[in-house]
Each structure stands twice: as C-alpha cells, then as structure tokens.
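Descriptive structure summary
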Amino acid sequence: MSISVNGLTKVYGVQTAVNGISFNAGPGVLGFLGPNGAGKSTTMKMLTGFIPQTEGSAMVCGFDTVKQSLQVKSRIGYLPESNPLYMDMYVKEALGFVASIHGIHNPAQRIAEVIEQTGLTPEQHKKISQLSKGYKQRVGIAQAILHNPEVLILDEPTSGLDPNQLIGIRQLIRDLGATKTVILSTHIMQEVEATCNRVVIINKGNIVADDTLQGIKQAHNGQSLENIFISLTN
C-alpha cells in the first residue's frame, strides 16, 4: 500500500481533531469525505509531514512521515485548498521555478509533458493572474505532479468550478488515479461518484465508513452517497 495510517491522532490543547484513525490506500482514487471540522485537512497535513501527529503513525511509500519526512515529501504531490500560486509569474515560468526546487532532470521536457497532461497548452504563455479559476486549478495540479510523485493529495480541487471545468478536472483526476495513489477531499458527492474507487468518511475525528463505493451503498440498502453521508455524519 502507498499509504498506511495506524492509530493516527492529533490533539490541539483539549480538542482532539483526529482520534486514532487507521486506513490504507493503494493506486486509484480514494474519496476522503467529512463535514467541516471533521479532521480531513488535519489528516492530510499529517500525511504530508506538514504537521506532526500526537500519537500513532503514518507511512507513505514505506517511509515514516515524521522520522523520514524528506523521503515522504519527495513522493507526495499536494494541492491544498488555498492553491497557493505565484500570480505574477507566467505558467511556464512558475513550473520552471517548481522544477528547480525539485531538482528535476531535463526540466523543459518534463514541463512540456505536464502542460500537455493537465491541458494547459493554450494558456502556457499567460500570467497565472490572467487565468480562469479552472486553469488556475490545473496549474496547481501541474505543480503537484511535476516531480512525478507516487502519491497525490488533493484538497477540494474542484471548488468553485463551472460544469465544463469540472468535467475536465474530473477526467484528469481519473487519469492520474490509473497509475498513482490519489486522495481526494471534497464536499461534492457527485465528484466522488464520478472519480473515486474507494471512500473513507470521517466525522468528529473518527472514521465512520471505509469501503469501496459499491460496498458502502450495498451496506446502506442502495441509498445515494449523499444520504449515506448525511446519516453517518449527523
């Protein structure tokens, strides 16, 4: 498994944000769902090594997120919800900067590959500030996959996109999931239905469901994912 989480806990003062959760993830797209404040973003930050856990362990591609954080970070691509971009840079310039940080061999070739893969070809010579939100999301994903990581963590990658933009980003996520382990956090149930092989639902820091999409529906008498989500998190 690319990701192995065992008893992962995060406590802030007297508040337990994540309460001893355990799950595994391999190649494919895992939908990581939960209401606001459930512990999703905290879990993803622990997986990336951005913050340390209070208890438990998390392994990414066989490396411990705390003890071997550099090895973990080199194998993860992360798109946070805020999608931090250098707005005054041109698309190719920004990707060149990211490539230099990763020390990518033959960066021009890799940048060209990623621009084509993410559908940025018609916008590659524009400033990022001039792009639509959909193309800005594509730049964020391009930055996350530039060093060809084995694991991708995407936090609300389709938030605020129009239907046409959604279709393109969904297909891109599905394509990435064919060869990589993708953790997709979203509040949009249609997004999960369209892209995910497996679903983990977290509520108040605890995992309340972990199964294939089909398995979760069968366990709840064929209800829609939206109704299942509401029943498990209310």
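Cut-offs used in this document
Residues numbered from 1 in each chain as written. Predicted model: local features only at pLDDT ≥ 70, side-chain atom pairs only at ≥ 80, totals over all residues. Heavy atoms only, no water. UniProt positions renumbered as here; feature names shortened; annotations may be inferred. Helix = DSSP H or I, 4+ residues; strand = E, 2+ residues; numbered from the N terminus. Pairing = 2+ DSSP bridges. Buried < 20%, exposed > 50% of the residue type's maximum accessible area, 1.4 Å probe, protein only. Phe/Tyr/Trp six-rings, centres within 6.5 Å; stacked < 30°, edge-to-face > 60°.

**Considerations on the UniProt feature "domain: ABC transporter" (unreviewed entry) in the chain**
- Within this structure's numbering, the places UniProt gives as "domain: ABC transporter" (unreviewed entry) are residues 3-229.
- Taken end to end, residues 3-229 is 37% helix and 27% strand, and its first and last C-alpha atoms sit 24 Å apart.

**Description of the pairing of strand β2 (residues 15-25)**
- Relative to β2, strand β1 (residues 3-12) runs antiparallel, the two being bridged by seven bridges. Residue pairing across strands places Y12 opposite Q15, the latter belonging to β2.
- Between the antiparallel neighbours β1 and β2 lie two residues, among them G13 with a positive phi of about 65 degrees.

**Describing the environment of N234**
- The topology assignment puts N234 in the segment after α9 (225-233).
- According to the relative accessible area criterion, N234 is exposed, its value standing at 79%.
- As a C-alpha pair, N234 and H187 span 47 residues in sequence and 15 Å in three-dimensional space.

**Here we look at the packing of aromatic side chains**
- Tallying each qualifying case throughout the model produces two aromatic pairs.
- On the numbers, 5.5 Å between centres and 90 degrees between planes, the contact of Y86 with F97 is edge-to-face. Of this pair, Y86 sits in the loop between β6 (76-79) and α3 (91-102) while F97 sits in helix α3, and the two are eleven residues apart along the sequence.
- Taking relative accessible area as the criterion, Y86 reaches 47% and is therefore assigned partly exposed.
- Residue F97 is classed as partly exposed on the basis of its relative accessible area of 33%.

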